[in-house]
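Summary of the model geometry
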Number of protein chains: 2
Amino acid sequence: MVRSHTSISNVVALIFFLVLLIIPSVQSTTATTIDVWPKPRLLRWAPLHQLSLLSPSFTIASPYDHPHLSSAVSRYLTLIKTEHHLPSSVNNPLTATSSPPPPPSPPLQSLHIFIHRLHAPLHHGVNESYTLHVPNDRPTANLTAETPWGAMRGLETFSQLVWGRPSRVPVGVYVWDDPIFPHRGLLLDTSRNYYGVGDIMRTIYAMSANKMNVFHWHITDSPSFPLNLPSEPGLAAKGSYGDDMQYSPDDVKKIVEFGLDHGVRVIPEIDSPGHTGSWAEAYPEIVTCANMFWWPAESKWEDRLAAEPGTGQLNPLNPKTYQVFKNVISDVVKMFPEPFFHAGADEVTPGCWKTDPTIQSFLSNGGSLSQVLEKFVNETFPYIVSLHRTVIYWEDVLLDGVVKVDSSILDPKYTILQTWNNGPNNTKKIVDAGYRAIVSSADYYYLDCGHGGFLGNDSQYDQLVGSDTVSNGGSWCAPFKTWQTIYNYDITYGLSEEKATLVLGGEVALWSEQADPTVLDSRLWPRASAMAEALWSGNRDETGKKRYAEATDRLNEWRHRMVSRGIGAEPIQPLWCVRNPGMCNAVHASI
Amino acid sequence: MVRSHTSISNVVALIFFLVLLIIPSVQSTTATTIDVWPKPRLLRWAPLHQLSLLSPSFTIASPYDHPHLSSAVSRYLTLIKTEHHLPSSVNNPLTATSSPPPPPSPPLQSLHIFIHRLHAPLHHGVNESYTLHVPNDRPTANLTAETPWGAMRGLETFSQLVWGRPSRVPVGVYVWDDPIFPHRGLLLDTSRNYYGVGDIMRTIYAMSANKMNVFHWHITDSPSFPLNLPSEPGLAAKGSYGDDMQYSPDDVKKIVEFGLDHGVRVIPEIDSPGHTGSWAEAYPEIVTCANMFWWPAESKWEDRLAAEPGTGQLNPLNPKTYQVFKNVISDVVKMFPEPFFHAGADEVTPGCWKTDPTIQSFLSNGGSLSQVLEKFVNETFPYIVSLHRTVIYWEDVLLDGVVKVDSSILDPKYTILQTWNNGPNNTKKIVDAGYRAIVSSADYYYLDCGHGGFLGNDSQYDQLVGSDTVSNGGSWCAPFKTWQTIYNYDITYGLSEEKATLVLGGEVALWSEQADPTVLDSRLWPRASAMAEALWSGNRDETGKKRYAEATDRLNEWRHRMVSRGIGAEPIQPLWCVRNPGMCNAVHASI
C-alpha cells in the first residue's frame, strides 16, 4: 500500500507504542488472533494474553458535548454490555479460555475518551485515527482520537474486543489505527427497486461496524424517482413507484442524521442527463425517448435507446430542462449537507437523443452528441459548484467512446471521477488526467454481478445442450465477485506513488436490477467487509504477502458476529470450516 | 413433452371441458392472463372475463374425514379469505379492473371438494390431477380430484385466482390440471450448515405453493450429523454442531406430518459410504481418513482424501460398520414412512480408503476399490430393500470413473439413480441401463453454483489484473443457474419416448457450503419455481415454442405473491419491468 496518513497525533501515538514495547520485560512477536474487522493497522496484545472481566458497572466516559458522539457512545455502551458474543471457532484462543480461572486483572470499569479536535466536521479526509489502550494493571481503558469520527472507529474496535458471558475483554492491549484510504463507500441503487428507510439505516449501521464512511445513495434513475422534493413534488408524485415508495425530506433528514451518528457520510446521486426516464412522468417535454422500447427489434445494438430497459435522457437543448434540474439540485443540496454531490453522467446513449427533433436538427447542422453533452455540463456543473459542492461524475463523462466532454470544462479542483470500467486502466487514465478517482471497478466491486441477466425473452438461456453460449451465466459483468476477489484487488495497481494519492478510495456497488430488500443484506455482507478491510488496513501482512488465508478465518468470525447483530450476511463456509480454521484451505496456509 | 398421464377421470374431465366449449354461444381463443404458477395444463376463462366477489362468508366444503386434507382446507380457507393479493403489473387485466362496477355475478359462496379415492397414500406416482370449475351463473365452485393430494393442488390453484380487497375471483373459469412428471423435488443439505425446523417447514410450505411434492432431505454428511437417532444417540451427540443444532425424532415427525399436510413427501438421505466424516466423532473405528487435511500439500489432485474439505468414509471391511449402519437405517426407516430411501453413494474418494491399513492389505492382495464398494453395497442394499424401501443412489455408484459397482448387484426394481453430472448424457446412460432416473443436473439444477468457491487460502482469487484465471468465478459448477436456465432445461432431452418414461422427474439442489438460514429463501426462490412449472406443465406453449418470455411476467407476479406469503424470494427484475410487461425484454416477444 502506497498511501499513508500521518499526523502529529499519530507520531505521538507511535512514540507511545515504542515506549510500550520497551517497558515489558518480555518482548514477543506472537501474533494475536483477536478478531477485529477490519484488522487494525497495529494491534498488540501483551504476551501473557491476559483477560479481564468487564465490570457490570462498566461505563464509557466521554466529557464532550457532541450530539453524534454522544449517540455513538450510548449505542456502543449498550452493545458492549449486552452483546455477549461467543466466538464460533473452537480453536479461537478466546474460546479456549471460555471458562478461565477468575482473571487476575481487576474488572474493567471504564473506557475514557479523549478527543483533540471535537468540532472537525465529517468531511472527506477527516482524521479517523485513534489509539486504544486497555491496560492490564488498572481498570480504566483509554481511547484517544483526533476527532469524534476517529473515536467512533475506536469504539467499534473496542466493542469487538469484548465477548462472552459474563463479558470478558483482553487486557494489555494496544491499538493504533488509521485508514489507508479516506473514502470507503457503498453504493445502493434505490431507483430500480425501492428500499425502505429502515433498510438504508441498517445498511449504514453495518457500514459503520465495518468502519466504512460513505453511503453513496444512487437515488434516482430511469425506473423510478423516489425522492420527494419540495420544489418539484411532481417528480416523485408521478415518477416514484407509489406513495409508499418515496423518501420524504424527513426521511432524508433521518438518514443523514443516522449517518452522522455512525460516522457515515451520505452522498446523494441524482443521475443525469442519462438515466432520467422517470423524470418524464412529470415533465415529458424535457426527456427524450421516454417510455420507448429500449432496443427496437429493427435496431443494431449501438442504436439502442438506453443501456438497459428504462429509456429516457434529459434534453440539453430544452431550456426548461435546466429550470427543473436546478430546482432539483437546489433542493437536494439543502437536504444533504455533504460537500460532495454525485451528478451521474454515465451511459449517455446516442440513440435516445437522436429520437428528438431538436437534437436531430442540431446534429444535421453539424453539431455532435458530445457538444450536446458539453452544453449540459456547461449549464449544470458551474451551478452545482456555485452551491459549494465538489462534483463526482462517473468516468463516462470523460472516457466514453462516443459521447464525452473535453476535460477543459471540468476543473479538477471541483471534479472527482468514479471509475467502473476497464479495471485499473481507467483508474490510471483518470489520475493521469489530473483528477481524483473513486474506484468501483465492475470487475471487482460490483456486488450484483454473476447473477444472470434480468432481461425477459432472452433466448440465450435456452442453450443447446453442450453449448456454452451462456458460460458467463448471462450477466454482463460475470462472474460473481467473491469476497476474495474483492479483498485482493489493489485499487492503486500500476500507479506511481504520487498518482496513487489521487485515488481517494473505493466503493462497492449494489445495482438493483435483481436486488431489493429481500436480498439486501446477503448481497452486501460480508463481501463489502472485504473491501472495508482492504481499504482500511490493506490486504497484506507485515511481510507484504496477501493475507487472504488468515482473513478467511477472521471474516468467518466477523460474519458470525454481524449476523448476531442483525445483519443478514451470507455464510462463506460451512460451520465445520469456521470451527476448524485452516482445514478448508485449498492448500496449507503458510502463515 | 413426451410424458403424459391419463386416467379415466382425466378423460371424463376432458369430455366435460369439450362440452363447455360447445355450450357457450361465443367461442374464443383469447388467452387469459390469470397468473397461476405453475401454469395449469389447461385454464380457460370464459370470453367475457367476468369477476365476482368472494362472499365474506365464503367457505370450502369438504365432507371428508382426512386429517391432512382437513388441515389443507383449513389453511387455504384462511389464506383465501385474508391474502388480498394485489397484482403488481399495471397492465394486468385484473388490476385494470381493480375498481370495477359491482360485478354482475353473485358473490362466490363456496368451493365444494369431490374426491374419488380418499385413501390413496402420498407415494410416488400418486394421482395429483384435479379439475376446478368456477361457474359464472351460480355461487358454488367445484374442485374434483382423484386423491386428496390432487385436491391440495387444486386448492392452491384456487387460492391464486383470488385477489384484491374486497376479494375478487374470476368466474367462468375451468381448469384441468395434471403434472407431467410425478417427481418434482428440492434437495436441502442440512449437514454443511444447519437449518432450523422452521426453515424446513417454510421451505415445504413454499414447495407446496409451487406444487412440488418431494423434499429430499440430505440430512447427514461429513461436516455434521444432525439427526438424533434413538438407537445411535452418539452420532448426533458427538457429530452434530451442537445440542441446538440437531433434529430430534419429534422434529422429524413434525416435518413429516407437515409434509403430508402440504402434499410433500419427505425422502431422507443418509449419505454413505463417502461423506461420513461426522460419524467418526462417535465411531472413529468405522471411518477411514477422518479429520485429516483433505488435500495434503504433497498430494496430487486425484490422491486427495475427499471431494472437498471434511474427510471420512465408512470402512466396508470393518464388520462394525454394518452394525452401526443398520441401526441407523432401521431408525430412519421408522421415522420416515416414505417408501423411497436415499442411500447416497456419491463421490467415494480413493485416497481416503487408501489410508486404511485393512483396505491397503485388501488392495495389495489383488482387490480393487470397486470391490470394496461392492462389498458395502452388497451388505447394505438388500438390508434397505428388506425394510420395504426403494433405494435411490447418486449415479456415481454405477457411473463413477474409478470406484463403482457392477449393475448386476442393483436390481432396477428397487433402485433409482439420481444424476448430477454430465447433463443429459448421464440421464441417458441411466435409463439405457434400465434404471429409473431423477434429474439434478449440476449444469441446470444446482442452486448453489456460481457463487465462488468456499475454500480458504485459494490463490486463484488473487488474480493478476487482466488475467482470467477465475473467469468462472471460482465455483466448480459456475455459472449461476438463472431461473431461465432452469426453466428451459428439458430433462428427457435426447431420449426415446419409451426411455423417457423412466425419468421420474427432477430436483433442484441447494448444497450448503455457502448457504444457511440467512440466505435460504432467496437461494431457492423463485428459481425452484422455474423447475416446478417446467416439470408440472412444461416449458412450451401450445405451439411447442419455449414460453420463457411470457413466463417472465408470470414469474414476477408469482414472486411478488410468494414474498407477501412470507417466502423471501429474490427479485428477478426491477419493479418497473414487473409493471411494464414486455418492456424489459431482450427482444420484442412474439407472443
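Residues numbered from 1 in each chain as written. Chains lettered and ligands numbered in written order. Predicted model: local features only at pLDDT ≥ 70, side-chain atom pairs only at ≥ 80, totals over all residues. Heavy atoms only, no water.

An unreviewed UniProt entry lists chain A under the name Beta-hexosaminidase 2, with Citrus sinensis as the source organism.

Let us look at the packing of aromatic side chains. For the structure shown, the criterion picks out 42 aromatic pairs over all chains. Their ring planes at 80° and their centres at 5.0 Å tell us that B:W295 and B:W301 sit as a pair that is edge-to-face. For B:W295, a relative accessible area of 22% puts it in the partly exposed group. Their ring planes at 10° and their centres at 3.7 Å tell us that B:Y444 and B:Y489 sit as a pair that is stacked. Taken together, the positions of B:Y444 in helix α14 (residues 442–445) and B:Y489 in the loop between α15 (483–488) and α16 (497–500) put the pair 45 residues apart, joining distant regions of the chain. Here the two residues B:Y444 and B:Y489 agree in accessibility, since each one is buried. Here a set of aromatic residues connected by ring pairs shows up, and it is made of A:Y194, A:F215, A:W217, A:Y247 and A:F336. Just above the ring of A:F340 sits the side chain of A:R265; from NZ or CZ to the centre is 4.8 Å. Cation over ring: A:R304 sits above A:W301, and NZ or CZ is 3.8 Å from the ring centre. (Phe/Tyr/Trp six-rings, centres within 6.5 Å; stacked < 30°, edge-to-face > 60°. Buried < 20%, exposed > 50% of the residue type's maximum accessible area, 1.4 Å probe, protein only. Helix = DSSP H or I, 4+ residues; strand = E, 2+ residues; numbered from the N terminus. Lys NZ or Arg CZ within 6 Å of the ring centre and 35° of its normal.)

With that settled, the discussion passes to the state of the cysteines. Residue and element names in this part refer to chain A. For the coordinates displayed, the defined rule picks out six disulfides over all chains. Covalently, C289 is tied to C352 through a disulfide, its sulfur atoms 2.1 Å apart. Its S-S torsion of approximately -100° makes the covalent link between C289 and C352 left-handed. Placement of C289 in the loop between β11 (287–288) and β12 (313–314) and of C352 in helix α9 (residues 350–353) is noted, with a sequence separation of 63 residues between them. Each sulfur of the disulfide joining C577 and C584 lies 2.0 Å from the other. Disulfide C577-C584: torsion about the S-S bond near -75°, hence left-handed. The same class applies to C577 and to C584, which are both buried. Disulfide partners in chain A, listed by the sequence order of the bonded cysteines, are 1-2, 3-4, 5-6. (Disulfide = S-S within 2.5 Å.)

This part takes up the interface of chain A and chain B. Many authors give the size of an interface as the accessible area that is lost as the parts come together. Counting residues at the interface gives 73 residues for chain A, matched by 73 residues for chain B. Interface of chain A and chain B: buried area, both sides summed, is about 6300 Å²; carbon and sulfur atoms make up 59% of it. Linking chain A with chain B are six salt bridges, by the criterion used here. Between A:R559 and B:D516 there is a salt bridge, and its shortest N-O distance comes to 2.9 Å. Between chain A and chain B we count 30 residue pairs in polar contact (both at pLDDT 80 or more) in total. When residues of the side of chain A that touches chain B are assigned to their parent elements, the largest contribution, five residues, is made by helix α19 (residues 548–564) of chain A. (Contact = heavy atoms within 4.5 Å. Buried area = accessible area lost by both parts, 1.4 Å probe. Salt bridge = Lys/Arg side-chain N within 4 Å of Asp/Glu carboxyl O. Polar contact = N/O pair within 3.5 Å; in protein donor to acceptor, adjacent residues only side chain to side chain.)

Residue and element names in this part refer to chain B. The strand order β8-β9-β10-β13-β14-β15-β16-β17 describes a closed barrel built from eight strands, whose pairing is parallel. If you compare each strand with its neighbour and ignore which way they point, the axes differ by 30° on average. Pairing of strand β13 (residues 340–344) with strand β14 (residues 390–394) involves four bridges; the strand directions are parallel. Across the sheet, residue F340 finds its bridge partner in β14, namely T390. Docked against the sheet, helix α5 (residues 197–209) engages β8 (183–189), β9 (214–220) and β10 (265–272), running at close to 155° with respect to β9. (Pairing = 2+ DSSP bridges. Axes fitted to C-alpha atoms, helices over the stretch in contact; angles between N-to-C directions.)

Before going further, it helps to examine the environment of A:I115. Residue and element names in this part refer to chain A. Mapped onto the fold, I115 is located in strand β3 (residues 108–115). For I115, a relative accessible area of 9% corresponds to the buried category. Taking the C-alpha atoms as reference, I115 lies 45 Å from T276; in sequence the two are 161 residues apart. Here I115 is in contact with Y64, L69, A145, E146, T147, P148 and A151, once residues within four sequence places are set aside.

Another aspect to go through is the packing of α5(B) against helix α7 (residues 249–261) of chain B. Residue and element names in this part refer to chain B. At a closest axis distance of 10 Å, the pairing of α5 and α7 adopts a crossing angle of 10°. In terms of their interaxial angle, α5 and α7 are classed as roughly parallel. Residues V197, I200, M201, I204 and Y205 of α5 form the contact with α7, whose own contacting residues are D251, K254, I255, F258 and G259. Considered class by class, the residues forming the contact of α5 with α7 number seven nonpolar, one polar and two charged. (Parallel < 35°, antiparallel > 145°, perpendicular 65-115°, else oblique. Nonpolar A, V, L, I, M, F, W, Y, C, P; charged D, E, K, R; others polar.)

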